[in-house]
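# A closer look at the structure
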6 protein chains.
Amino acid sequence: MRVAVYRKEHFNAAHRLYNPEWSDEKNDLVFGKCNNPGFHGHNYEIVVKLTGEPDKDTGYVFDMKKLSELIRENVTRKFDHKNLNLDIEEFKNLNPTAENIAVVIYDLLRDKIDNGLDLKIYLYETERNFVEYPA
Amino acid sequence: MRVAVYRKEHFNAAHRLYNPEWSDEKNDLVFGKCNNPGFHGHNYEIVVKLTGEPDKDTGYVFDMKKLSELIRENVTRKFDHKNLNLDIEEFKNLNPTAENIAVVIYDLLRDKIDNGLDLKIYLYETERNFVEYPA
Amino acid sequence: MRVAVYRKEHFNAAHRLYNPEWSDEKNDLVFGKCNNPGFHGHNYEIVVKLTGEPDKDTGYVFDMKKLSELIRENVTRKFDHKNLNLDIEEFKNLNPTAENIAVVIYDLLRDKIDNGLDLKIYLYETERNFVEYPA
Amino acid sequence: MRVAVYRKEHFNAAHRLYNPEWSDEKNDLVFGKCNNPGFHGHNYEIVVKLTGEPDKDTGYVFDMKKLSELIRENVTRKFDHKNLNLDIEEFKNLNPTAENIAVVIYDLLRDKIDNGLDLKIYLYETERNFVEYPA
Amino acid sequence: MRVAVYRKEHFNAAHRLYNPEWSDEKNDLVFGKCNNPGFHGHNYEIVVKLTGEPDKDTGYVFDMKKLSELIRENVTRKFDHKNLNLDIEEFKNLNPTAENIAVVIYDLLRDKIDNGLDLKIYLYETERNFVEYPA
Amino acid sequence: MRVAVYRKEHFNAAHRLYNPEWSDEKNDLVFGKCNNPGFHGHNYEIVVKLTGEPDKDTGYVFDMKKLSELIRENVTRKFDHKNLNLDIEEFKNLNPTAENIAVVIYDLLRDKIDNGLDLKIYLYETERNFVEYPA
C-alpha cells in the first residue's frame, strides 16, 4: 500500500546559462537571452515527492512539517536570494539549467532521507517551464 | 492506446491529527499544531485519475460529467462541510492524515468504476502539501 | 506619488457559522451546511494592502519582510491551526463569517501600522469566496 | 540519468461533441450541453513532456525555447482561435474530446522529435478536466 | 463599516468578434484572428462584487451561497456551453467583447440585487485578459 | 459607462536592493538577503489597467492584442532576461524595489497611451509580494 507525499517550497535566485569552453558567439547562439552576462533570475518552485508505506501509528509516509524543514535546511536556505553561478559551489563547474538544478537538489536530499523511500524532484523555473528527476 | 482522464473536485472540512493510544504529550510532540483539540480545517482538492482506452463511439475514456457526479455522490457530498474525525464513519478509528484520506477515497470509488479502468487519487490538503495513492 | 504594497499570508482554521440567539432550525435555514455542529474548515489566504509614499532612501512604502512578520505575529500565529469559534477570543460573541474575520484582522493590525499608511484587508475563504475591508 | 522537461503552451478554440452516425436525441443524451449545435469553447492548456538524458555540453534535455517554438509551429498556430470541428482537418471525422485532441497533438509532434526522447501530452480543457497521453 | 464580498463563477462559450457594418477586410484588420468565421472560445471566469454593511444578525453582506445561485440562474445557466453570437439574445446586435459581456452581465444582475448594495463585475476571458465594470 | 481592461505580461530579471550612499552594514541591516552582492531574481508579472469608454464600433476600450504589443515593446523586451541594476538605464540611480519598478513602468507607458485613458500598473515580484501604482 504505497502512497506518495509531495511538499512544495520556493526560492528566488539569479543565474546565467553558458558553457565556459565555448566562445561568446556560440554561447549566444545556443543559450540566447539566457546567456545575459549580467544574469537574470526566477522564482523557483521545488516539489519534493517521497513514496513509501504510511506508518501504522501516525498515518504518515513522512511528516510534512519535517519534510518542509529538511528542504529548507538543505536546499532553499542555501539557494534563496543567491546567484546560482557565483554563490553556489555545486554550479561552479555545472551549467545551472533547470535539469541540472533538479539533479543537484536530488543529490543534496537523497542521503538525508531513509532509503526505503523513493525520492523525486520537480523544479519549476517558471509556470511554463519545469523538469522532473529522476524521470 | 491508453489515455488517462483527470477530474478535480473539492470539499471543505475540519480535522485533527492524533493517536488515541498515545498520551497528550506524545500527540503534541508528533503532530504539533495539527493536534489542536478544537480542530482546524482545509479546502481539500481531490483529483481522480482514470486510465483506459477511449471508446470508439464517444471518444471518451469516461464521461467527465459522470465522473464529476460519481465523485460528488460518493465523496464530496459525504465529506463537505464536515468534521472528518467526528462526522465520518471511516475516520472513527483512523487518523485523517492526507495519506489516509486518499486511501479512503480510493476505497469509496474503486467498486463504483469498471475494473478495466485504473484508478488513482490525488489529494491536496493545501497548495503545498499533497498526496497520491496508489503510488 | 502614492503606491500600494500587498503581502499575502495564510492560515488553516476550523469554524462554524451560527447565531446563538436563534433556534437550531433557524440557524440551519440561514447558514445551511456552514452550521455543521462539528465545524468545517478552510485554507484562508489574507492579503494586506498598505498605501503610502515610497521612502526616498529605501524605495519602500513598507518593508515586505517586516509586513510579513507583522501579519504572522499579530494574525496568523493566533489563528493558524485553530478553531475560530472555540479558540479565538474575538469570535466568542461574533459569528466568524469572512466579513467579520476581515474586520477583526483589520482591527488587530491598524494600531501596529503608522497612521499615514492606509490599510485594507482581503480575505479569501476559498478561491471562489472572498471579501475586502474597508470597501 | 534520465530527466523529463515540460513546456506549457495554450490555445483558445471552439468545439462541439457529437457523433454524426447517431440521432440528435442520442447525441443530446450522451453529450448533453457539450453537443450545442452552435458550439462552445475553451482556453486549452497543453503541456508537452520530453524525457531523456541531459546533453553534457548544454545541460539541456531539450532547449525549452525550441520546444516552445516546435509546439507553436505544429500545434497552437494551427488550433488557436479556430473551430476544431470546422477548421481542423484532423477532426473532420474525429470527435474533438480532450482525449482525442491529446492523441492528435501527440501525432503532430512525434516525428518532429528525436526518437530517443519519450513524448507525453497533457491537455487541460478546463482547470478541472484534463487528460494525459500516452498513459 | 462597508465590506465587499466577491463570488467567482465560470462558463465556457464560443464567440466571434466582428462588426456587421464593416467589410470582411476591415473586420480582419481590426479583429484579426478573433474574427474567425467558425468562432473560437474561452473558459470565462466571472467575479461579482457586492459592497454594503454586514447584517448584524448574520454577519453577512450577502449570503455567498445565494449569490452563487443568483449568478448561476441569471448568467451562467444562460451562457454556459453556448455560442454568444448565435445563441444569446443580448449579443444579436452587440459585439461580444469582454467589455460588452461584462456590461451585459451587470444589467442581468442589477435589478435582482438590493439597490443599497453596490455591484461590480470582473470578467476574465483568459488568465491574461480581463475587464471590470463599472470602473 | 467606463470600463477597465487589464492585460498581464511577464519578464524574468535579476536585481539587488541597496543604497550606494550607505555602508555595507547598513545595507545588510535594511535590505537583508535582498542585498546579496551577486544579485538574485524573480519571475515578474506586470498587469496594465486602462480605464475608459468602450468604442461604439469595436466594443473595445483598447485592443488587448495592441496593449500586449505595447507592453512588450516598451517594457518586457527591455527588462526580460536582464539585470535591472546593471543593464537598465532607469535603475542606474534608483533602487529596483517593486515600488520603483512599477513607477518606472508607468512612466515608460504613459505617453504611449491616449490621455483620455487612465493608466494603472500592478507588479507582482512573487505570488505573495505585489504593488500598485498609482494607488
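Placed above this text is the structure.
Quick summary incoming for the structure in this document. Here the structure is a predicted model, which means the values were calculated and not measured.

All right, on to the overall build of chain A then. Along its length, chain A carries 4 helices and 5 strands. Its helices and strands in sequence order give chain A the pattern β-α-β-α-β-α-α-β-β, from N to C terminus. With respect to the principal axes defined by its C-alpha atoms, chain A has extents near 60 × 25 × 25 Å. Evaluated residue by residue, chain A yields a buried proportion of 67% over its 135 residues. Across chain A, the fraction of contacts at a sequence separation of at least 24, relative to all contacts at a separation of at least 6, is 67%. As displayed, chain A offers around 5600 Å² of accessible surface, 46% of which is attributable to carbon and sulfur atoms.

Our focus in this paragraph is the interface of chain C and chain F. Across the contact, 24 residues belong to chain C and 21 residues belong to chain F. When the buried area of chain C at its contact with chain F is split by residue, Y6(C), K8(C) and Y60(C) rank highest and sum to 28% of it. Taken together, the links from chain C to chain F amount to 3 salt bridges. Between K49(C) and E132(F) there is a salt bridge, and its shortest N-O distance comes to 3.4 Å. The interface formed by chain C and chain F contains 12 residue pairs in polar contact (both at pLDDT 80 or more). Ranked by the residues each element gives to the side of chain C that touches chain F, the list is headed by strand β1 (residues 3-15) of chain C, at 8 residues. In terms of residue class, the side of chain C that touches chain F is made up of 11 nonpolar, 4 polar and 9 charged. Judged from the 4 bridges that link them, β1(C) and strand β5 (residues 129-133) of chain F form a sheet pairing that is antiparallel.

The next subject is the interface of chain A and chain F. Listed by partner, the interface residues are 20 residues for chain A and 20 residues for chain F. Ranking the residues of chain A by area buried against chain F places K33(A), N43(A) and H81(A) at the top, with a combined share of 35%. At the surface where chain A touches chain F, the tally comes to 2 salt bridges. Of the charged contacts in the structure, one is a salt bridge between K33(F) and D80(A), with a shortest N-O distance of 2.8 Å. Inspection of the region where chain A meets chain F yields 17 residue pairs in polar contact (both at pLDDT 80 or more).

Turning our attention to the packing of helix α2 (residues 64-79) of chain E against helix α4 (residues 98-110) of chain E. Residue and element names in this part refer to chain E. Following both chains from N to C, one finds α2 and α4 inclined at 140°, their axes separated by 10 Å at the closest point. With respect to each other, α2 and α4 are oriented oblique. α2 and α4 meet at a crossing whose hand is right-handed. Seen from α2, the contacting residues are L70, I71, N74, V75, K78 and F79; seen from α4, they are I101, V104, I105, L108 and L109. Class assignment for the residues of the contact of α2 with α4 results in 9 nonpolar, 1 polar and 1 charged.

Time to look at the packing of aromatic side chains. In this structure the tally under the stated criterion is 54 aromatic pairs over all chains. Centroid distance Y6(C) to Y122(C): 6.3 Å. Interplanar angle 40°. Geometry classified as tilted. Of this pair, Y6(C) sits in strand β1 while Y122(C) sits in strand β4 (residues 118-124), placing them 116 residues apart in sequence. By relative accessible area, Y6(C) is classed as buried at 5%. Overall, the relative accessible area of 14% leaves Y122(C) in the buried class. Judged by centre distance (6.0 Å) and plane angle (25°), the ring pair of W22(C) and F31(C) falls under stacked. Across this residue pair, the class does not change: W22(C) and F31(C) are buried. Site record: aromatic cluster; members linked through ring pairs are Y6(A), Y122(A), Y124(B) and F130(B). Here the basic side chain of R16(D) rests over the ring of Y18(D), its NZ or CZ set 4.0 Å away from the ring centre.

Turning next to the relation of the copies chain A and chain F. With an RMSD of 0.0 Å, chain A superimposes on chain F once it is rotated by 180° and translated 0.0 Å along the axis. Both chain copies can therefore be described as sitting about a two-fold axis.

Turning our attention to the relation of the copies chain C and chain F. Note on the copies: chain C fits chain F at an RMSD of 0.0 Å, the axial shift is 0.0 Å, and the rotation between them is 120°. In symmetry terms, the pair is related by a three-fold rotation axis.

What follows is about the pattern of salt bridges. For the structure on display, the rule yields 72 salt bridges over all chains. With its nearest N and O atoms 3.8 Å apart, the salt bridge here joins K66(B) to D63(B). Note that K120(E) is salt-bridged to E132(E), the shortest N-O span being 2.6 Å. In this pair, K120(E) is assigned in strand β4 (residues 118-124) and E132(E) in strand β5 (residues 129-133), connecting sequence segments 12 residues apart. Note on accessibility: K120(E) and E132(E) belong to one class, buried. By sharing partners, the salt bridges in this structure join R7(A), E9(A) and R72(A) into a single network.

What counts, and at which threshold
- All residue numbers here refer to positions counted from 1 along the written sequence of the relevant chain.
- Here chains are named by letter from A upward and ligands by number from 1 upward, in the order in which they appear as written.
- Per-residue local features of the predicted model are confined to residues with pLDDT of at least 70, and side-chain atom pairs are confined, for both listing and counting, to 80 or more; whole-chain, interface and lining totals are unaffected and use all residues.
- Side-chain figures throughout are based on the complete set of non-hydrogen atoms in the structure, without hydrogens or water.
- Helical segments are the DSSP runs of H or I of at least four residues, strand segments are the runs of E of at least two, and each set is numbered from the N terminus.
- Residue burial is assigned from relative accessible area. The probe radius is 1.4 Å, only protein chains are included, and a residue is buried under 20% of its type maximum, exposed over 50%, and partly exposed in between.
- Any two residues whose heavy atoms approach within 4.5 Å are treated as being in contact.
- In this description, accessible areas are obtained by the Shrake-Rupley approach with a 1.4 Å probe, and a residue is regarded as covered only by the protein chains that are shown.
- Accessible area, probed at 1.4 Å, shrinks when two parts are joined; the buried area is that loss added up over both.
- Definition used for salt bridges: Asp or Glu carboxyl oxygen within 4 Å of a side-chain nitrogen of Lys or Arg.
- Throughout this description, a polar contact denotes any pair of N or O atoms lying within 3.5 Å of each other; where both atoms belong to protein, one of them has to be capable of donating a hydrogen while the other can accept it, and for residues adjacent in sequence the pair is counted only when both atoms sit in side chains.
- Three categories are distinguished: nonpolar for Ala, Val, Leu, Ile, Met, Phe, Trp, Tyr, Cys and Pro, charged for Asp, Glu, Lys and Arg, and polar for the others, with Gly belonging to the last.
- Strand pairing is assigned whenever DSSP identifies at least 2 bridges connecting the two strands.
- For helices, the fitted line uses only the C-alpha atoms of the stretch in contact; every axis is such a line through C-alpha atoms, and the angle between N-to-C directions lies from 0 to 180 degrees.
- Orientation categories follow fixed angle ranges, with anything under 35 degrees roughly parallel, anything over 145 roughly antiparallel, 65 to 115 roughly perpendicular, and all other angles oblique.
- Helix crossings get a hand from a simple test, with the near helix turned counterclockwise from the far one by less than a right angle marking a left-handed crossing and a clockwise turn marking a right-handed one.
- The aromatic pairing rule takes the rings of Phe, Tyr and Trp, using the six-membered ring of Trp, and pairs them if the centres are within 6.5 Å, calling planes under 30 degrees apart stacked, those over 60 edge-to-face and the rest tilted.
- The rule for a charge over a ring is simple: NZ of Lys or CZ of Arg within 6 Å of the ring centre, and within 35 degrees of the ring normal.
- We place the copies in one frame by least squares, fitting the C-alpha atoms of every residue whose pLDDT is at least 70 in both.

Interpretation in functional terms is not warranted from these geometric data alone.
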